[in-house]
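Observations on the model geometry
Now for the letters of each chain:
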Amino acid sequence: MTQKKIIRSYLKKPQYRKLAIVFFILSVIYTFAVYFKVLNRVDKWIQDVLYQRPQAVSGDVVIIGIDDESIEQLGPYNTWDRHVMASALEALAKDPENMPSVVAIDTLYSGGTDPEADKHLAEAASKLPDVVVASAGVFGSGFVEDDFGSFQHKSHILYSYEKPYEELEAVTHQGHINAMLDMDGIMRHAFLYFDAEDENGSVQRVYSMAHEAARIYAEKEGISFTDPETDARGHFYLSYSSAPGTYDDGMSIAKLINGQVPSDYYAGKIVFIGPYSAGLQDEYFTPIDRAKKMYGVEFQANVAEALLKGDYKKEVPDYIQAILVFVAVLVGITIFLMTNVKVATIYMLIDMIVYALVAYILYLRGYLVHPLWMPVGLIGMYICSIVIHYTRAALEKRRITKTFERYVAPEIVKEIMKQGMENLSLGGKTCDIAVLFVDVRGFTTMSERLTPEKVVFILNRYLTMASDCVEKNHGTLDKFVGDAMMAFWGAPLPQEDAIYNAVKTAQDIVVGAKRVSDELKAEIGEELRVGVGVNYGPAVVGNMGAEKHMDYTAIGDTVNTAARLEANAPGGTVYISRVVADALEGRIRVTSLGDTIKLKGKAEGFEVLKLEEIL
């Protein structure tokens, strides 16, 4: 049978059809939940752990930090004029044979200040091969009028664009230094570009400082350079090369100005100059180390490294992943429900391993998927299927137990369930039990003159009453044989007062038979009288019969004697043996019939006693 036919056969069953609808709805709900970022924080954390690992850096990018040492030597940063940066650039240009290939200054110099300092910085920049200075866009949210005259709310609007002052702009390249954090405050994406209008209304594309530094360097070195694919806002996922502190070689702007930085440190390389002090508040949490912040200039260096390597990761669109998750989860729960727990567990584990391998291979090939969407969905559906399997098994066991108890005593059912069906085999054990037999007097004659329907009606009323008496007194109902019933006490579980319970049941049956007789006489004009026999002694109790059909019953002389006592008891009478009378001495009143009643199969002198009352 094919897989499709198997699924169809399952779906034809009402219970499976209902489950299919339920799990289809659950799959839809889960898919929408992950699509709308319910698992976003945990998913991103797992993604960071799996994918963001430190790598060997190229050595083509170095950092000159504006660190605490520099601030201590040169004074508070907010008091620095542009002569300081000009002096740093002059130090880099001091040796014409060993100048940096590109210098990128992670500090915004917009607007004029001291004309002499402004001129000094622009002249110093012009002496270097290529300098990239910072620009910045000011972003916010608001309403924008579309082509149809209606207003749409947008969360990413460029309000203004700040560029370096004219003299510096004329001798340098510009690159923006805007950084955009993810919703959880982690900087996983680099802001490659944005479009800004100039004074004439023309739109110009403003690339990031890291992009411009890497592009210029690649052109000079003959390195193939292509831009990564971005989202609608110009962002791309950044595969970090280094953790915070990797670029910290102890080279500060103060040391550079003082001539303490050797030219071979920066010769022919990309040099980033920027804040490298916590007090300057230019630091971010990154996925490569969520416990330690990375300075903005280090982030720029990581972006430049990624651009030079062409190590780009394209995030697979969420809607595609959501569709695949929905299909995988739906197929998974179908298989989980159609198989047993062992097979479902193996399938789930294999699925998880395969998904992890596929996700890793996709990452190596430049595609990024959500690491948590698929596994959580499969694990969730697997747990649901386990709950359903066990619930179904428990309900089935309960159903079987209830059905079984209609044919076998509850005590026997409990014992079988306790031992397990695999232990249900032929055999028995010897134990002392109290045995009761009860039979209707004149039942054969009654059956001959009444219709079968009336016979069954009377029999059911009487047997229901008798079985209720057995159950009320904690007995094990063994069997019905026509109008006769056998029960015993002391098996399958031992009982402290087995003999008393058996005799009490006998008396209850006689009283109950009188009540049923009165009811039957009023209803159909028939009377009912029963005789009862009780004995106590050893018997073999267990599963008797054949492998394919067996009864849990008791056999032995004790059982036969109880049957003989019942066979001789007149209607409305209970006969017991001497061993029963002695065991209940002081608790019952009896009349000894001596050996006047001859029991078949018993030797001369066997004493029979009539139960008069229970005291």
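Another aspect to go through is the nonpolar core. With 44 residues, the main nonpolar core has Leu436, Tyr462, Met485, Ile509, Val532 and Val534 as its most contacted residues. At 11 residues, helix 17 (residues 498-524) tops the list of elements feeding residues into this core. Apart from the residues within four sequence positions on either side, valine 532 is in contact with Leu436, Phe437, Val438, Ala506, Ile509, Val510, Glu566, Ala569, Thr573, Val574 and Tyr575. By size, the runner-up hydrophobic cluster in this structure holds 37 residues, among which are Val61, Tyr240, Met294 and Tyr295.

Moving on, we get to the packing of aromatic side chains. For the structure shown, the criterion picks out 15 aromatic pairs. Here phenylalanine 139 and phenylalanine 191 contribute two aromatic rings whose centre-to-centre distance is 5.6 Å and whose plane-to-plane angle is 55 degrees, an arrangement assigned as tilted. Of the two residues, phenylalanine 139 sits in strand 3 (residues 131-145) while phenylalanine 191 sits in strand 6 (residues 189-191), which places them 52 residues apart along the sequence. A residue is classified by how much of its surface remains accessible, and phenylalanine 139, at 22% relative accessible area, is partly exposed. By relative accessible area, which is 3% here, phenylalanine 191 ends up buried. Aromatic ring contacts, followed pair by pair, group Phe139, Tyr161, Phe191 and Phe194 into a single cluster. Between the NZ or CZ atom of arginine 205 and the centre of the ring of tyrosine 193, over which it lies, the distance is 3.9 Å.

This part takes up the packing of helix 8 (residues 209-221) against helix 10 (residues 296-309). Across the interface, helix 8 lies against helix 10 with an axial gap of 8 Å and an inter-helix angle of 45 degrees. Between helix 8 and helix 10, the crossing angle belongs to the class labelled oblique. Judged by the twist between their axes, the crossing of helix 8 over helix 10 is right-handed. Contacts between helix 8 and helix 10 pair Met209, Ala210, His211, Ala214, Tyr217 and Ala218 from the former with Gln300, Val303, Ala304, Leu307 and Leu308 from the latter. Taken together, the residues of the contact of helix 8 with helix 10 sort by class into nine nonpolar, two polar and no charged.

Attention now moves to the environment of asparagine 460. Locating asparagine 460 in the fold gives a position in helix 16 (residues 452-472). The exposure class of asparagine 460 is partly exposed, given its relative accessible area of 43%. C-alpha of asparagine 460 to C-alpha of aspartate 483: the two residues are 23 residues apart in sequence and 9.3 Å apart in space.

The next subject is helix 10. With 14 residues, helix 10 extends 20 Å between its outermost C-alpha atoms, agreeing within 8% with the 20 Å of an ideal straight helix rising 1.5 Å per residue. Burial within helix 10 is extensive, with 13 of its 14 residues counted as buried.

Quick look at the pattern of salt bridges now. On inspection of all chains with the given rule, the structure shows 28 salt bridges. Where aspartate 195 meets arginine 205, a salt bridge forms, and the shortest distance between an N and an O atom there is 2.9 Å. Here arginine 205 lies in strand 8 (residues 203-207) and aspartate 195 lies in strand 7 (residues 193-197), a separation of 10 residues in the sequence.

Reading predicted coordinates in detail is not appropriate for stretches of low pLDDT. Per-chain confidence: the protein chain averages 88 in pLDDT, with 92% of residues scoring 70 or above. Scored below 50 in pLDDT, residues 421-425 shows six contacts in the model against residues more than four places distant or in partner chains.

Moving on, we get to the environment of alanine 304. Topologically, alanine 304 is positioned in helix 10. Sequence spacing of alanine 304 and methionine 209 is 95 residues, and the spatial spacing of their C-alpha atoms is 8.7 Å. Alanine 304 has contacts with Val61, Ala210, Ala214 and Phe272, leaving out every residue within four places of it along the chain.

With that settled, the discussion passes to the pairing of strand 20 (residues 573-577). The side chains of a regular strand alternate, first on one face of the sheet and then on the other. Of all five residues that make up strand 20, five are buried, and the element is covered over most of its length. Here strand 20 shows no split at all, with Thr573, Tyr575 and Ser577 on one side and Val574 and Ile576 on the other all buried. By the bridge criterion, three bridges tie strand 20 to strand 22 (residues 608-614) in an arrangement that is antiparallel. Among the inter-strand pairings, serine 577 is bridged to a residue of strand 22, identified as valine 608.

Taking burial as the measure, the six residues of strand 1 (residues 61-66) include six buried ones, the bulk of the element. Of the two faces of strand 1, both are covered, the one formed by Val61, Ile63 and Gly65 as well as the one formed by Val62, Ile64 and Ile66. As paired strands, strand 1 and strand 10 (residues 270-275) are joined by six bridges and run parallel to one another. Residue pairing for strand 10: isoleucine 64 is matched across the bridge by isoleucine 273.

Next up on the list: a nonpolar patch on the surface. Residues Phe32, Tyr35, Phe36, Tyr319, Ile320, Ile323, Leu324, Val327 and Val331 make up a contiguous nonpolar surface patch of roughly 880 Å² in combined accessible area. Within the residue set of the nonpolar patch, elements represented by two or more residues are helix 2 (14-35) and helix 11 (318-338). Sorting elements by how many residues they give to the nonpolar patch places helix 11 first, with six residues. One can find isoleucine 323 in helix 11.

Next up on the list: unusual backbone geometry. Notably, lysine 37 is not glycine yet its phi reads approximately 70 degrees, a positive angle. Considering the arrangement of structural elements, one finds lysine 37 in the loop between helix 2 and helix 3 (40-51). The phi torsion at histidine 474 lies on the positive side, around 65 degrees, for a residue other than glycine. Assignment of secondary structure puts histidine 474 in the loop between helix 16 and strand 16 (476-481).

Inspection of the secondary structure assignment puts lysine 313 in the loop between helix 10 and strand 13 (314-315). In this structure lysine 313 comes out as buried when scored by relative accessible area, which is 9%. Side-chain polar atoms of lysine 313 contact the side chain of aspartate 311, separated by 3.3 Å. Among the polar contacts made by the side chain of lysine 313, one reaches the main-chain carbonyl oxygen of tyrosine 363 at a distance of 3.0 Å.

Rules and cut-offs
- Residues numbered from 1 in each chain as written.
- Predicted model: local features only at pLDDT ≥ 70, side-chain atom pairs only at ≥ 80, totals over all residues.
- Heavy atoms only, no water.
- Core = buried A, V, L, I, M, F, W, Y, C linked by side-chain atoms within 4.5 Å.
- Buried < 20%, exposed > 50% of the residue type's maximum accessible area, 1.4 Å probe, protein only.
- Helix = DSSP H or I, 4+ residues; strand = E, 2+ residues; numbered from the N terminus.
- Contact = heavy atoms within 4.5 Å.
- Phe/Tyr/Trp six-rings, centres within 6.5 Å; stacked < 30°, edge-to-face > 60°.
- Lys NZ or Arg CZ within 6 Å of the ring centre and 35° of its normal.
- Axes fitted to C-alpha atoms, helices over the stretch in contact; angles between N-to-C directions.
- Parallel < 35°, antiparallel > 145°, perpendicular 65-115°, else oblique.
- Left-handed = near helix turned anticlockwise from the far one by under 90°.
- Nonpolar A, V, L, I, M, F, W, Y, C, P; charged D, E, K, R; others polar.
- Expected span 1.5 Å × (residues − 1).
- Salt bridge = Lys/Arg side-chain N within 4 Å of Asp/Glu carboxyl O.
- pLDDT = per-residue confidence, 0-100.
- Pairing = 2+ DSSP bridges.
- Patch = residues over 30% accessible without salt bridge, like charges linked within 9 Å, V, L, I, M, F, W, Y side chains within 5 Å.
- Areas by Shrake-Rupley, 256 points an atom, 1.4 Å probe, with all protein chains shown as cover.
- Polar contact = N/O pair within 3.5 Å; in protein donor to acceptor, adjacent residues only side chain to side chain.

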